Each structure stands twice: as C-alpha cells, then as structure tokens.
Amino acid sequence: MANPQAQRLDPIREKYFGPLERTDVLGSWIFGGAAILSIIVVVVEKTSFPHGYNLIQGAFVLLVLGLFVVGQVSRLYFSPRAEDKRREDFLSNALNVNLTHERTIGYYNNNESILIRKMGLNVLENTHFTKAIALEMVKMVRLVSGVYIAIWLILIFNRDTDLGLISAAAQAVFSEQVISRWLRMEWLRIRSENIFRELHRAFLSNPASHVLDAQILEAFSTYEASKLSASIVLSTRIFERLNPSLSQEWEDIKVSLTP
C-alpha cells in the first residue's frame, strides 16, 4: 500500500479495478430498481391496471436478467482479471522479477533484501490496509442490512401484510447485495485481521528461516484465497481517506519488527 510521503503510481487500480468497481455500482443500481419493481408488482392491481402491470412485470424480468449478467461478468471476468494483475505486481515486487510491465510505485513499502521476507512484509502491509478499509466499509453495510432486516421483520409481524410483499422483501434481504454482501465483507475483515495477527507474531518470534518461509507462503496463499472468496472491492474513496494514518501506522509496525 502507499506511503503518502512517496511518489505513488498505481496503474492497476484504474485500469483493472476501476471497471470492476463501476460494474458493482451498476449492479447495485439494478438491484435497487428490481427491488422497487418487485414491491410495485404486489401493490398494483392486475385487473385494474393490466397494461401497467404487464409493463412493470416485463421491466422487472429485464432487470433481474440484467443483474444476473452484470454479476456474472463481474465475478467471472473483471474480478479475476484485476486480482491476477495485482498478484503479478505483488510477486514482481516481492521476488524482484518482471511478471508484468504494469508496475506500481509506492504501493509496497519496505526495504527488506531477503526476498521471501519481503513477500511476508508485503502481505503484512496488504492485510494491515485491508482490515482497516473493510472495517470502515462494513459500518455502512451493517446499517443498510439492519434497515432491510428491520423492514422485513415488521412486514412479517404485521398480520395485515400481503404475503407477496413479504416474499418480495425477503428476496431483497437475502440477495447477493444485502445479507450476502454484509457477511462476505465481515468475513474478509476477520480473515485479514487473523492473517495480519498471525504473520506479525511470526516475524516477532523470529523462528527458523524455513519455518518463517512456510508461514509467509501460507499467509500469502490464504490472503489471496480470501479475497477471491469474498469478492469484495475495497473502496478507493475510503483508501484515500485512511491512507495517511494507515501509512504512518505501517511505518511504526516496520520499526517494531526491526531486530
């Protein structure tokens, strides 16, 4: 991650994560539209407004199909492509090779000369930033999810509520964009915290070199697998806001690991 005092260049963020972020935003808008239409379909009387009812049903089906397409494009194309490029840059920096010509500057910040230890410090820096950014992101997601769940529970416990409305609300609450997204974000935050804590302890305990090497490789593979499983794009806006304080914390962490 970036040191605010150093020149920073990250071509991977805009070129590869930018489209992924925009696709996710598009998916959120489509989901919102589909959720609204699913409720309107229940409220509108088919017999009284047959033409309008059919238009709403048709629009709802199109939005559901659009949400499916956007979700698949994001999961199967944009996300793997972005993560592959980030991993290529990570390994290029950690192992002093050129796996890609699209290299970042100032993204990883340590002067370790032993390559495997450099990889470990890069993982430590990544998880340090990820856990903090995910924590900030999940605060709003918790609030939104809580509102959705509260509305759904109110509808359930209201005996006069139409079952179709309860069903539409349940479809929204338990979709990929609400409960699932919240759980995946919490999971990524927790995994990043655990990886950071365990790897930090490994550096502090200074075990035999082959043991530390194994712990570093395990941390790297676990972190990469966690990102792919969670499929959460970290907010650029929150990163920019937290970057100065997190970078200063990272400098303090590096000092604490110096023998």
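> What is the right way to read the overall build of the protein chain from this model?
Secondary structure summary: the protein chain contains seven helices and zero strands in total. Secondary structure elements of the protein chain, listed N to C terminal, follow the sequence α-α-α-α-α-α-α. Its C-alpha atoms give the protein chain principal-axis dimensions of about 75 × 40 × 30 Å. Within the protein chain, contacts between residues at least 6 apart in sequence are counted, and of these 77% link residues at least 24 apart. Positive and negative side-chain charges of the protein chain, numbering 27 and 26 respectively, have mean locations separated by a distance of 0 Å.

> In this structure, what is going on with the environment of Ile 36? I would like to understand it.
Of note, Ile 36 is situated in helix α1 (residues 11–43). Sequence separation between Ile 36 and Ile 105 is 69 residues; the distance between their C-alpha atoms is 44 Å.

> Please clarify how the pattern of salt bridges should be interpreted in this entry.
Working definition: two side chains of opposite charge can pair if their charged atoms are close together. All told, the structure shown has 20 salt bridges when counted by the stated rule. Arg 22 serves as the salt-bridge partner of Glu 14, at 3.7 Å between the closest nitrogen and oxygen. Residues Glu 102 and Lys 15 are paired through a salt bridge, measuring 2.7 Å at the closest nitrogen-oxygen approach. Within this pair, whereas Glu 102 is found in the loop between α2 (50–95) and α3 (115–157), its partner Lys 15 is found in helix α1, the two being separated by 87 residues in sequence. Assessed through its relative accessible area of 9%, Glu 102 is described here as buried. Look at Lys 15 and you get partly exposed, because its relative accessible area is 46%. It is possible to trace a salt-bridge network through shared partners that takes in Glu 83, Asp 84, Arg 87, Glu 224 and Lys 227.

> Would you take a moment to explain the nonpolar core for this structure?
Core analysis: the biggest nonpolar cluster contains 22 residues, and Phe 90, Met 119, Val 123, Leu 124, Leu 199 and Phe 203 have the highest contact counts within it. Of all the elements in the fold, those that place two or more residues in this core are α2, α3, α5 (176–205), α6 (209–230) and α7 (236–257). When near neighbours in sequence (up to four residues on either side) are disregarded, Leu 199 contacts Gly 120, Val 123, Leu 124, Gln 215, Ile 216 and Ala 219. Residues Leu 234, Ile 238, Phe 239 and Leu 246 belong to the second largest nonpolar core, which totals 15 residues.

> Help me out: how do you make sense of unusual backbone geometry in this one?
A negative phi holds for most residues other than glycine; trans holds for most peptide bonds. Notably, Asn 96 is not glycine yet its phi reads approximately 55 degrees, a positive angle. Of note, Asn 96 is situated in the loop between α2 and α3. Notably, Asn 206 is not glycine yet its phi reads approximately 50 degrees, a positive angle. Residue placement: Asn 206 occurs in the loop between α5 and α6. Look at Asn 206 and you get exposed, because its relative accessible area is 55%.

> Explanation requested: α6 in the structure shown.
In an α-helix there are 3.6 residues to a turn, and that puts residues three or four apart on one side. The end-to-end C-alpha distance of α6 is 31 Å, a good match for the 32 Å that 22 residues give at a rise of 1.5 Å each. Among the residues of α6, those classed as buried are Leu 212, Ile 216, Ala 219, Phe 220, Tyr 223, Glu 224, Ser 226, Lys 227 and Ala 230. Considered in projection along α6, the buried side chains sweep an arc of 160 degrees and stay on one side of the axis. Residues of α6 that are exposed and angled more than 90 degrees away from the buried face: His 210 and Glu 218. Contacts from the buried residues of α6 go to α2, α3 and α5.

> I would appreciate a short explanation of α3 in the present structure.
Along its 43 residues, α3 runs 60 Å from first to last C-alpha, staying within 8% of the 63 Å computed at 1.5 Å per residue. Along its length, α3 reaches its greatest deviation from straightness, about 25 degrees, at Val 138.

> Help me understand the confidence of the model for the protein chain in this model?
As a general rule, the predicted coordinates of low-pLDDT regions are not to be interpreted in detail. Looking at the protein chain, pLDDT values average 90 and 97% of them are 70 or higher. Within the protein chain, the lowest mean pLDDT, 78, falls on helix α4 (residues 163–173), and the highest, 96, falls on α6.

> Is there a simple way to think about the packing of α3 against α7 in this case?
Angle between the axes and distance between the axes are the two parameters that describe a pair of packed helices. Running from amino to carboxyl end, α3 crosses α7 at an angle of 140 degrees, the nearest separation of the two axes being 10 Å. The pairing of α3 with α7 is recorded here as oblique in orientation. Crossing of α3 against α7: the hand is right-handed. Touching Leu 121, Leu 124, Glu 125, His 128, Phe 129, Ala 132, Ile 133, Glu 136 and Met 137 of α3 are Ile 238, Phe 239, Arg 241, Leu 242, Asn 243, Leu 246, Ser 247, Glu 249, Trp 250, Ile 253 and Leu 257, all from α7.

> Would you take a moment to explain the packing of α5 against α6 for this structure?
Two numbers describe how α5 lies on α6: the axes approach to 10 Å, and their chain directions differ by 170 degrees. Here α5 is positioned roughly antiparallel relative to α6, judged by the angle of their axes. Contacts between α5 and α6 involve Arg 184, Trp 187, Leu 188, Arg 191, Ser 192, Ile 195, Leu 199, Ala 202 and Phe 203 from the first element and Leu 212, Gln 215, Ile 216, Ala 219, Thr 222, Tyr 223, Ser 226, Lys 227, Ser 229 and Ala 230 from the second.

What counts as what
- Residues numbered from 1 in each chain as written.
- Predicted model: local features only at pLDDT ≥ 70, side-chain atom pairs only at ≥ 80, totals over all residues.
- Heavy atoms only, no water.
- Helix = DSSP H or I, 4+ residues; strand = E, 2+ residues; numbered from the N terminus.
- Contact = heavy atoms within 4.5 Å.
- Lys, Arg positive; Asp, Glu negative; His and termini not counted.
- Charge placed at Lys NZ, Arg CZ, Asp CG, Glu CD.
- Salt bridge = Lys/Arg side-chain N within 4 Å of Asp/Glu carboxyl O.
- Buried < 20%, exposed > 50% of the residue type's maximum accessible area, 1.4 Å probe, protein only.
- Core = buried A, V, L, I, M, F, W, Y, C linked by side-chain atoms within 4.5 Å.
- Expected span 1.5 Å × (residues − 1).
- Arc of directions from axis to C-beta.
- Bend = angle between axes of the 7 residues up to and from the residue.
- pLDDT = per-residue confidence, 0-100.
- Axes fitted to C-alpha atoms, helices over the stretch in contact; angles between N-to-C directions.
- Parallel < 35°, antiparallel > 145°, perpendicular 65-115°, else oblique.
- Left-handed = near helix turned anticlockwise from the far one by under 90°.

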